[in-house]
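Structural description and commentary
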Amino acid sequence: MDALEIKKYFPILDQEVNGHPLVYLDNAATSQKPVQVIEALDKYYREYNSNVHRGVHTLGNRATDAYEGARDKVRKFIHAKAREEIVFTRGTTTALNTIAQSYGRANVNEGDEIVITYMEHHSNIIPWQQLAKEKGAVLKYLPLQENGSVLLEDAREMITEKTKIVSIMMVSNVLGTINPIKEIAEIAHQKGAVMVVDGAQTAPHMKIDVQDLNCDFLAFSGHKMCGPTGIGVMYGKKEHLEKMEPIEFGGEMIDFVGLYDSTWKELPWKFEGGTPIIAGAIGLGAAIDFLEEIGLDEIEQYEHRLADYAMEKMSTIEGMTIYGPLAGEKRAGLVTFNLGDVHPHDVATVLDAEGIAVRAGHHCAQPLMKWLNCSATARASFYVYNSEEDIDRLVQGLVKTKEYFSDVF
C-alpha cells in the first residue's frame, strides 16, 4: 500500500498549517475525505437532488436508487444477511441510543443486568446508564487487565443468566485494544443475552463480518471511514428489528395514519423517520467503494505497522508514557500517551504550531481516564494516508515540546 499515492486523493492534506506541511493524526475523531466522496456529494446536489421514495419523477427515482444502492453496499461491507438489517442513522451515537431505547426498553426489567467495559466511549455508556436507571437494572463493568485488555474468564464470570445485554466496543478509541467480540458474543448467547457492538473504530480499519461475529447489533459512523459527517449505520438481526418499535415518528416511516392510530412501514424504513440522510448515505457508499478498492486487510496490516513504528520511536523519548497493548501485541493504529507532567492540551498546542494535528483530552472516555489514573491524554491516530515520515515529524514535535517545557522534567 502506497500511502503517499493515496494521500493525493485527499485535497485537504495538501496545505500548510502554521507554516508547516500538515500532518493529520486525529483520524480516530474523524477522517479526511477523498475526492471520490466529495465528487459523489457534489454530483448528487448538482444533478439529482431530490427526496427519496415518495416521488415518481426522474430525479426522485435517481436519488432513491442511489440511496438504496448505498444500503446494499453497507450490507455487503459488513456481510449482513439482508438489506432489511441495515438502518441509516445520524451516527454511532444515534444507533446505540436507538438500540437502548427500543430493544432495551422492551427487554430489560428490574434486576436484569447490562454488561459493558471501563474502556467504552460515552455513547456506549450513557444510554445504558439511563436504561438501567429507568428499569431498575444493574449496570456491570468488565474489568481490564494492565494492558487494557479484557479476559474471557472475566466475561464468563460477569455475564450471568440475569444479563440481558452485553455492549462492548470492538476497538478502543483510547487504548487501541481489539476486543474478542466473537468469543464474548458466544458467552452472551449462552446466557440468553444479546451482543451489541460499537464498531465506530472498527469499520474504517478492518473487515467486519457480522455473521461470523454473530453479534445481534452493530453501530458505526461514516465520518471516521472517509465518508461524510451525519451518517451512520445501525445493523440488527432481522429477528430483533422486526419486534422492535421505532423511537422517532413522522413522515417516511409510516404505512397508514388514522386519527387515533397508525401503522409502520416494513424494515428498514420504519426506523428512518423524516427525510433521510440522502447525501450522507450516497457519500458513505462512495467511501466504502474507496476503502474496498484499497482493501481492508491491507489497511489493517499497514496501520498495525505504523502503530508499532510509532511506539518504537516514541518510547525513546524520556518521560513518555504510552497506554494500551504493548508494541508487537495486537492493537489498532493509534497511540495514546502522556509526556511527563506536561498537560496533553499543551502538548497538542505545541504540535499544532508545528503543523501536526493530534487529539488531547478525555476522548469521551472519562471512566477509562479514571482507570488510567489521569485526567487526560494525547492521542495520535493513523489512517491510510499517513506514513512513517508523519510519525517522524510527530516524534520531532514531541522532542521540541519536551524542550519547551524543560522546567517540568
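Above this text is the structure in question.
Figured I'd write up the structure that's included with this text. (Residues numbered from 1 in each chain as written. Predicted model: local features only at pLDDT ≥ 70, side-chain atom pairs only at ≥ 80, totals over all residues. Heavy atoms only, no water.)

**Examining the packing of aromatic side chains**
- All told, the structure shown has 11 aromatic pairs when counted by the stated rule.
- Pairing Y44 with Y48 gives two aromatic rings, centres 5.3 Å apart and planes at 80°, and the pair type is edge-to-face.
- You can call Y44 buried: its relative accessible area is 3%.
- For Y48, a relative accessible area of 9% puts it in the buried group. (Phe/Tyr/Trp six-rings, centres within 6.5 Å; stacked < 30°, edge-to-face > 60°. Buried < 20%, exposed > 50% of the residue type's maximum accessible area, 1.4 Å probe, protein only.)

**Considerations on the sheet that holds strand β13 (residues 320-323)**
- Here we have four strands laid out as an open sheet, ordered β13-β14-β17-β16, and antiparallel in their pairing. Looking along the sheet, the strands with just one partner apiece sit at the ends: β13 and β16 (359-361). Averaged over all adjacent pairs, the angle separating strand axes in this sheet is 30°, with direction ignored.
- Where β16 and strand β17 (residues 377-381) come together, three bridges link them in antiparallel fashion. If you follow R359 over to β17, its bridge partner there is R379.
- In the packing of helix α11 (residues 296-314) onto the sheet, contacts are made with β13 and β14 (334-339), and the angle to β14 comes to roughly 15°. (Pairing = 2+ DSSP bridges. Helix = DSSP H or I, 4+ residues; strand = E, 2+ residues; numbered from the N terminus. Axes fitted to C-alpha atoms, helices over the stretch in contact; angles between N-to-C directions. Contact = heavy atoms within 4.5 Å.)

**Let's talk about the side chain of T117**
- Along the chain, T117 falls in strand β5 (residues 113-117).
- In this structure the side chain of T117 is engaged in a polar contact, spanning 3.2 Å, whose partner is the backbone nitrogen of M119.
- A polar side-chain atom of T117 sits 2.6 Å from a polar atom in the side chain of E120.
- The residues contacting T117, other than those within four sequence positions of it, are Y141, L142, L144, V150 and I168. (Polar contact = N/O pair within 3.5 Å; in protein donor to acceptor, adjacent residues only side chain to side chain.)

**Thoughts on the pairing of strand β10 (residues 232-236)**
- Across the five residues of β10, five count as buried, placing the element largely inside the fold.
- As defined by bridge partners, strand β4 (residues 86-89) adjoins β10 across four bridges and the pair is classed as antiparallel. Among the inter-strand pairings, F88 is bridged to a residue of β10, identified as V233.
- Summarising the sheet, strand β9 (residues 217-221) and β10 pair through five bridges and their orientation is antiparallel. Across the sheet, the residue bridging to A219 is M234, located in β10.

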